[in-house]
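These are the residues of each chain, in order.
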Amino acid sequence: MPFIPNLRRRLRPSPLAGEFGATERQSPSFGYIDTLFDYGSYLAGSPDALGRVPPAAANATIAIIGAGIAGLVAAYELLRAGAANVVLFEASDRIGGRAWSSTFTESAPEFLAELGAMRFPPSEYSLFHYLDRFGIKATSSFPDPGAVLTNLGYQGKTYVWPAHGNPPDMFATVNTGWNAFISEGFTPETGPALIAPVAITQLLRSGQTAAARNAWQAYINVFGNESFYSALCRIFGSANPPGGTRWRYPDDYELFGALGVGSGGLGPMYPVAFLEIVRLMVDELETDQLFIPAGIESLARAFSTQVFERRSIAQRVIRTPVARVTREAAGVKLWLEDGTTQFADRVIVTASTRAMQIDMALNGPGTSLSPQQCTAIDDVHLTSSSKVFVMTQRKFWLDENLPANIQTDTLVRGVYCLDYAPQNPNSPGVVLLSYAWEDDAIKQLALGDNRRRVQRLVADLAQTNAAFARHVVPIGNDYDRYVRVVDWDLERGYYGAFKLNFAGGDGYSQQLFFQFQASRNPSTDPSIYLAGDSCSFTGGWVEGALQTGVNAVCAVIRSLGGELFGPANPLDNMTPQYDYGGRATSLAVPVES
């Protein structure tokens, strides 16, 4: 669910109607900066299975809590590895988690509201591994700011950004400065120079992991306790700011907060950790983002329809919430919401950290998690987010030369016009009327039902482009059928959209991400393994869910006495390498140099 749209584009379009397959995307893959493990190469090198569960343990009960992408990939890979008794518990009435491509009407299922994840950079190597496996295509046609005719509403005025042109002159200072930081780095007034984020990426791509690790540790040392806002003030208020021009206070910081570099307001993210933003650049998660016309939920469906021993993964899902998880002598006990209990030999928990805390009391006694891991579950910050989609009678923005993207400093925030039938000029359109985060999302909770919310947002949008706003009406004025709204704070089992740490919080991600490695030693093996993107360094990205799901699979296979295939795997060949403020020493697994 990336909150930052494309900032960099380098891909060449495929000759196949703008679709991308493996050959069109960047290669080779590389390991993300916080893990230094190349999941792309690992998965590509394990085409048949990640390992093998021994026959004697094939019937062990493996429970997976959550049927989102992390839970689905865990079930799929465990079944491929020979596990026969895999069961998933899902609290909601659907499979897929935040891979949620909601249809408006059964008569036109191709028109979608991507309520969760909707943009996918090729550096999500695990994601594209599975998209390729299941034949799911991606395209470069997402209407990001600047990629299409864009309006920018700021302080009561409207600015035009031509398609594929330069952002308006008002962005000159912040645009030049931010791009200079990404491409050139920053030299603090005291201390060593910090190399450019793009230079760290190149070190990762070229296999120079030691140099990349040192460069990232330098960022941690300087900015580990800085918020996004405080770091911006430190960098661009310094005597030697990137780009050569100091930002005006508060004007340029307000502009950057309202509209970013024309890419969408970053002000709601000002309280989060600066490192959370920089790692997106280093891992190229804001680069060459693609769009999946069939919807990201098509990946969830592909996993769920895979059949093993005459039963699909979907048929292994029990739609009963898990209320508590405890480690006992007989195994792991699952206390279900209907009052029954079940035992499992191993358990993978893929729910959000807030569901782990609120719904399952996984941070309480008897779970085999360390005190530090329990604290991480409690204190990881999940971002608020809301989306409002409207299906319109026609693609009015094409007919009347109106912008296909609008970014504002008002309540509506980000507007995107989506064309799910580009071959048919007379087809309906889909307008993502509002994509908002944090305070802007929380404000919308009070806007009422679909009709009241849409009409209030449309009135707000009219301040930037009244001609556009007049057309944002659902087909037949049917606000129930042709409007889709999600407030992730209110979704049971989620209680927020995605993980974004506050300053100093990366140690929590380290605690949760590497928890699965306790399975390497029988004396520390918890039999309960954490997964899901909120336990990753890349919350809000499908990649984080897939990486942690794969990690948990490796833990289960090893814990059951099985064999992991390939020359390297995340259980044995990836260890925490960073000091995120002293928390590394409290991991259950010794840190190796």
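Residue indices follow the written sequence of each chain, beginning from 1 at its first position. For a predicted model such as this one, the threshold for reporting local features is a pLDDT of at least 70, and the threshold for listing and counting side-chain atom pairs is 80 or more; totals across whole chains, interfaces and linings nevertheless cover every residue. The basis for the side-chain values is all heavy atoms of the structure; hydrogens and waters are excluded.

**Re the nonpolar core**
Part 1 of the argument: In plain words, nonpolar cores are sets of buried Ala, Val, Leu, Ile, Met, Phe, Trp, Tyr and Cys residues tied together by side-chain atoms within 4.5 Å. When accessible area is computed with a 1.4 Å probe and restricted to protein chains, residues below 20% of their type maximum are described as buried, those above 50% as exposed, and intermediate ones as partly exposed. Trp178 and Trp216 are the most contacted members of the largest nonpolar core, which has 147 residues in total.
Part 2 of the argument: Throughout, the edges of the domains are those of an automatic or database domain assignment. Both of domain 1 (39-96 + 295-374 + 500-564) and domain 2 (169-283) provide at least three residues apiece to this core.
Part 3 of the argument: Only heavy atoms enter the contact rule, under which two residues are in contact if any of them lie within 4.5 Å. Once you skip the residues sitting within four places of it in the chain, Trp216 turns out to touch Ile33, Asp34, Ile200, Leu275, Val278, Arg279, Val282, Tyr578 and Tyr580.
Part 4 of the argument: In terms of nonpolar packing, the next biggest core, distinct from the first, is built from 29 residues, Ala63, Leu382, Ile528 and Cys535 among them.

**Focus on the environment of Gly331**
Part 1 of the argument: Assignment of secondary structure puts Gly331 in strand S14 (residues 331-336).
Part 2 of the argument: Separated by 171 residues in sequence, Gly331 and Val160 have C-alpha atoms that sit 62 Å apart.
Part 3 of the argument: With near-sequence residues (within four places) excluded, Gly331 lies in contact with Thr326, Phe343 and Ala344. A run of DSSP states H or I qualifies as a helix once it reaches four residues; a run of E qualifies as a strand once it reaches two. Both are numbered from the N-terminal end.

**A short note on the UniProt feature "domain: Amine oxidase" (unreviewed entry) in the protein**
Part 1 of the argument: UniProt positions are given in the numbering used here, feature names are shortened, and annotations may be inferred rather than shown by experiment. Per the UniProt record, "domain: Amine oxidase" (unreviewed entry) is found at residues 69-557.
Part 2 of the argument: As annotated, residues 69-557 has a helix share of 33% and a strand share of 18%, and its two end C-alpha atoms lie 19 Å apart.

**A closer look at the sheet that holds strand S3 (residues 61-65)**
Part 1 of the argument: The pairing criterion is simple: DSSP has to find at least two bridges between the two strands. Spatially, five strands are ordered S12-S4-S3-S16-S24 in an open sheet, and the strand pairing comes out parallel. Edge positions in the sheet fall to strand S12 (317-318) and strand S24 (528-530), since each has one partner strand and no second.
Part 2 of the argument: Examined bridge by bridge, strand S16 (residues 346-349) and S24 share three bridges and lie parallel to one another. Bridged to Val347 within S24 is Ile528.
Part 3 of the argument: Its contacts with the sheet place helix H18 (residues 542-559) against S3, S16 and S24, and it is angled at close to 170° to S16. To obtain each axis, a line is fitted to C-alpha atoms, and for helices this fit is confined to the stretch in contact; angles are then taken between N-to-C directions over 0 to 180 degrees.

**A closer look at unusual backbone geometry**
Part 1 of the argument: That bond from Tyr249 to Pro250 is cis: its omega, 0°, falls within 30 degrees of zero.
Part 2 of the argument: Among the structural elements, Pro250 can be located in the loop between helix H7 (228-236) and helix H8 (251-259).
Part 3 of the argument: Positive phi, normally seen in glycine, also occurs at Ser527, with a value near 65°.
Part 4 of the argument: Residue placement: Ser527 occurs in the loop between helix H17 (506-513) and S24.
Part 5 of the argument: What makes Ser527 buried here is its relative accessible area of 7%.

**Overview of the state of the cysteines**
Part 1 of the argument: Any two cysteine sulfur atoms within 2.5 Å of one another count as a disulfide. Inspection of the entire model under this criterion finds zero disulfides.
Part 2 of the argument: Distance from the sulfur of Cys554, which forms no disulfide, to the nearest cysteine sulfur (Cys535) is 16 Å.

**Considering the domain arrangement of the protein**
Part 1 of the argument: In terms of domain boundaries, the protein breaks down into domain 1 (39-96 + 295-374 + 500-564) and domain 2 (169-283).
Part 2 of the argument: Using only C-alpha atoms to locate each centre, domain 1 and domain 2 end up separated by 35 Å.
Part 3 of the argument: Once two parts are put together, the accessible area they lose, assessed with a 1.4 Å probe and summed over both, is termed the buried area. Summed over both partners, the interface of domain 1 with domain 2 comes to about 860 Å²; 59% of that surface belongs to carbon and sulfur atoms.
Part 4 of the argument: Under this definition, polar contacts are N or O atom pairs within 3.5 Å; protein pairs additionally need one hydrogen-donor-capable and one acceptor-capable atom, and for neighbouring residues in sequence, both atoms have to be side-chain atoms. For the interface between domain 1 and domain 2, the tally reads four residue pairs in polar contact (both at pLDDT 80 or more).
Part 5 of the argument: Residue composition of the side of domain 1 that touches domain 2, by class: five nonpolar, three polar and one charged. Residue polarity follows a fixed list, in which Ala, Val, Leu, Ile, Met, Phe, Trp, Tyr, Cys and Pro are nonpolar, Asp, Glu, Lys and Arg are charged, and the others, Gly among them, are polar.

**Quick notes on the side chain of Glu77**
Part 1 of the argument: Among the secondary structure elements, Glu77 is positioned in helix H2 (residues 69-80).
Part 2 of the argument: A polar atom in the side chain of Glu77 sits 3.0 Å from the side chain of Arg80.
Part 3 of the argument: Look past the residues within four positions of Glu77 in its chain and what remains in contact with it is Leu50, Tyr130, Arg133 and Val553.

**A closer look at the packing of helix H12 (residues 371-379) against H17**
When two helices pack together, their arrangement is given by the angle between their axes and by how far apart the axes lie.
Part 1 of the argument: Close contact between H12 and H17 brings their axes to 9 Å; oriented N to C, the two are set at 120°. When the axes of H12 and H17 are compared, the pair comes out oblique. Considering how the two elements wind past one another, H12 and H17 form a crossing that is left-handed. Residue-level contacts link Gln372, Gln373, Thr375, Ala376, Ile377 and Asp379 of H12 to Tyr508, Gln511 and Leu512 of H17.
Part 2 of the argument: Looking at the contact of H12 with H17, its residues break down into four nonpolar, four polar and one charged. Roughly parallel refers to an angle under 35 degrees, roughly antiparallel to one over 145, roughly perpendicular to one between 65 and 115, and oblique to any angle outside these ranges. Two helices crossing with the near one rotated counterclockwise from the far one by less than a right angle form a left-handed crossing, whereas a clockwise rotation gives a right-handed crossing.

**Section: the pairing of strand S4 (residues 85-89)**
Part 1 of the argument: A large share of S4 lies buried, amounting to four of its five residues.
Part 2 of the argument: With five bridges connecting them, S3 and S4 associate as parallel partners. Within S4, the residue paired with Ile64 across the bridge is Leu88.
Part 3 of the argument: A clockwise path from the first strand over the helix to the second, with the strands pointing away from the viewer, defines a right-handed crossover. The β-α-β motif built from S3, the intervening H2 and the parallel element S4 has right-handed crossover chirality.
Part 4 of the argument: Direction of pairing for S4 relative to S12: parallel, over a ladder of two bridges.

**So, H17**
Part 1 of the argument: With eight of eight residues buried, H17 is to be regarded as a mostly interior element.
Part 2 of the argument: Taken together, the buried positions of H17 are Asp506, Gly507, Tyr508, Ser509, Gln510, Gln511, Leu512 and Phe513.

**Observations regarding the sheet that holds strand S15 (residues 341-344)**
Hydrogen bonds along the backbone pair up the strands of a sheet, which may run parallel or antiparallel.
Part 1 of the argument: Strand order across the open sheet formed by three strands is S13-S14-S15, with antiparallel pairing between neighbours. Only two strands of the sheet have a single partner each, and these edge strands are strand S13 (322-328) and S15. Here the average twist between neighbouring strands, direction ignored, is 25°.
Part 2 of the argument: Bridge count between S14 and S15: four bridges; the pairing is antiparallel. Across the sheet, Lys333 pairs through a bridge with Phe343, a residue of S15.

**Some remarks on the packing of helix H6 (residues 209-223) against helix H9 (residues 274-282)**
Part 1 of the argument: As a packed pair, H6 and H9 sit with axes 10 Å apart at the nearest point and diverge in direction by 160°. When the axis of H6 is compared with that of H9, the two are roughly antiparallel. Considering the relative orientation of H6 and H9, their crossing is right-handed. Mapping the contact onto sequence places Trp216, Tyr219, Ile220 and Phe223 in H6 and Phe274, Leu275, Val278, Arg279 and Val282 in H9.
Part 2 of the argument: Split into classes, the residues belonging to the contact of H6 with H9 amount to eight nonpolar, no polar and one charged.

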